[in-house]
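# Structural characterization, general
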2 protein chains.
Amino acid sequence: MTNPSQHLKTAEIEKISHLEYFNIGVSVDCVIFCYDDKQLKVLLIRSDLEEFSGLNSLLGDLVRPDEDIDNASYRILKERTGMDDVYLEQVQAFGAIDRHPSGRVITIAYYSLIDIKNHRLQLDNNELNWYPVSQIRKMAFDHKLIIDSCLKRLQDQILDNPIVFNLLPHKFSLRELQELYEAILGVKLDRRNFRKKIAIKDWLEDVGEMEEDVPHRPGKLYSLKAEYRKKPNRHKIPAPKALTS
Amino acid sequence: MTNPSQHLKTAEIEKISHLEYFNIGVSVDCVIFCYDDKQLKVLLIRSDLEEFSGLNSLLGDLVRPDEDIDNASYRILKERTGMDDVYLEQVQAFGAIDRHPSGRVITIAYYSLIDIKNHRLQLDNNELNWYPVSQIRKMAFDHKLIIDSCLKRLQDQILDNPIVFNLLPHKFSLRELQELYEAILGVKLDRRNFRKKIAIKDWLEDVGEMEEDVPHRPGKLYSLKAEYRKKPNRHKIPAPKALTS
DNA sequence: CCTTAATGTGTAAAAAGTACATATCTTCGA
DNA sequence: TCGAAGATATGTACTTTTTACACATTAAGG
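Residues numbered from 1 in each chain as written. Chains lettered and ligands numbered in written order. Predicted model: local features only at pLDDT ≥ 70, side-chain atom pairs only at ≥ 80, totals over all residues. Heavy atoms only, no water.

### Let's talk about the protein's contact with DNA strand C
The environment of DNA strand C is formed by 15 residues, the closest being Lys196(A), Arg217(A), Arg175(B), Arg191(B) and Arg217(B). One of the side-chain nitrogen or oxygen atoms of Arg217(B) is found 2.4 Å away from a base oxygen of DNA strand C. Residue Lys220(B) places a main-chain N or O atom 2.9 Å away from a phosphate oxygen belonging to DNA strand C. Contributions of two or more residues to the surface near DNA strand C are made by helix 6 (191-201) of chain A together with helix 6 (191-201) of chain B. The greatest single-element share of the surface near DNA strand C, amounting to 4 residues, is contributed by helix 6 of chain B. A per-class count over the surface near DNA strand C returns 1 nonpolar, 3 polar and 11 charged. (Near = heavy atom within 4 Å. Polar contact = N/O pair within 3.5 Å; in protein donor to acceptor, adjacent residues only side chain to side chain. Helix = DSSP H or I, 4+ residues; strand = E, 2+ residues; numbered from the N terminus. Nonpolar A, V, L, I, M, F, W, Y, C, P; charged D, E, K, R; others polar.)

### A few points about the sheet that holds strand 9 (residues 204-210) of chain B
With antiparallel pairing, 3 strands are arranged side by side in an open sheet as 8-10-9 (chain B). Edge positions in the open sheet fall to strand 8 (172-173) and strand 9 of chain B, since each of these has one partner strand only. (Pairing = 2+ DSSP bridges.)

### Structural notes on the pattern of salt bridges
Residues and elements named next belong to chain B. Taken as a whole and assessed by the stated rule, the structure comprises 36 salt bridges over all chains. Residue Arg75 is joined to Glu67 by a salt bridge in which the shortest nitrogen-to-oxygen separation is 2.5 Å. Grouping residues by exposure puts Arg75 and Glu67 together as buried. A salt bridge links Glu205 to Arg229; its shortest N-O distance comes to 3.8 Å. (Salt bridge = Lys/Arg side-chain N within 4 Å of Asp/Glu carboxyl O. Buried < 20%, exposed > 50% of the residue type's maximum accessible area, 1.4 Å probe, protein only.)

### Describing the pairing of strand 2 (residues 39-46) of chain A
Residue and element names in this part refer to chain A. Burial runs high along strand 2: 6 of the 8 residues are buried. Alignment of strand 1 (residues 25-36) against strand 2, held across 4 bridges, turns out to be antiparallel. When the sheet's bridge partners are listed, Asp36 is paired in strand 2 with Gln39. What sits between strand 1 and strand 2 in their antiparallel hairpin is a turn of 2 residues, with Asp37 showing a positive phi close to 55°. As judged from the 2 bridges shared by strand 2 and strand 3 (residues 56-57), these two strands associate in the antiparallel manner. The residue of strand 3 that forms the bridge with Arg46 is Asn56.

Listed below in structure tokens is the structure:
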């Protein structure tokens, strides 16, 4: 009737850590969304595992023992995209026994929203590319499942929380915003009803400018009100804590 | 630009598993809800860690290397309550560096809904008890945070999904159901509007019986329609898979 | 048999969501 | 420079959902 995970004293951890319990790897996988060419896209990399040759996988890495899991996902994002002020949110853990062909690795899935226009990242590396979510089929590992879970979470959140603006430039037109919602939700929306709904939320302010270089009548530009634009916490990597091992 | 978690070949895993990366423990913690005495309660155990002396903690355990994380939470529930056909759902992982005083342990939180009336479990062990959610203050580890997250998830789900019935006996009155919703959501509901809303969902069927032994006019009894009563998947513990270690 | 305490039920008003059409502005090409 | 094309901007009637609210009925208990 006691709880082994509580029971562990320092000495005991040392004793068993290299035996049964601590033989599980923990990784973080990031579903990095962007909005480009009127499509919701995800950043994927060609898998370098033989078992998954020809398939893509998410960006991920093992969590370091002295690293918070949120920080691990920020680190991956920073390493891959160079960006560090991004929206990131944990979705859930995936822990099927055979999800990793090389051993037991439990992964924690995060999704991220970035503005591709502001941060043009170097994709010279042709192993790393953006793929439209709607066209993603087979993936390495359980990554298709992870993407689906993250997309669903995103869809559930955009109606109540002003988060999609992380996918857009600072200034945008209502048409762009509507097309983004349509891309995420996978439905067509009525323009007048959409504008009414957005107006009620009172998230936006008119920046007093108009679209430029569009081949039609330009629309007004808006931006998210500052009060909703709160930066995510700075995720400094803290000094390593003295560990027991 | 490569992904260490993918890179791992069997030999490499063996080489590093006892070094840096695999020195993280993975546990599962269960927020086991029941409904009793018109209150939502959680099953807690007195912590046996010195650091948390006098505090309660959730029921949890380390995940075994050959065990699916969902199965780990079922195992804990089975061990602690004797029940194995329960509603269980993962919420998220908690992975702050210093959340466990004895070392690095990442935990995955689940919540569970059980009907205390049907399965009277032996609480002779006075280290293990039910506590009203509304009265829980300080907890061992980050378990207060975990309980709050699980409660929020539960609150978000009960309006759309017929899951609260896992907390009730097979037959129940609409008053009992309403009181349960009130206990979970922490608000008072209007009786007529509540009944209308439940009627629209069409989840219930009249069992043709009345309450008994109540000190007032008895109400009709209802039960959840069979089509919504789908048992959770049987979670057999699978044969251990050959592992690399 | 009278009191108490709960069950059971409907309607009107307000709010939110949906369907839908016309005038205006800018570009572009004839 | 004029007209056509294509997008912006906007309001209203209709439907659905949500909310607020009161009274007759039933069984238990003294």
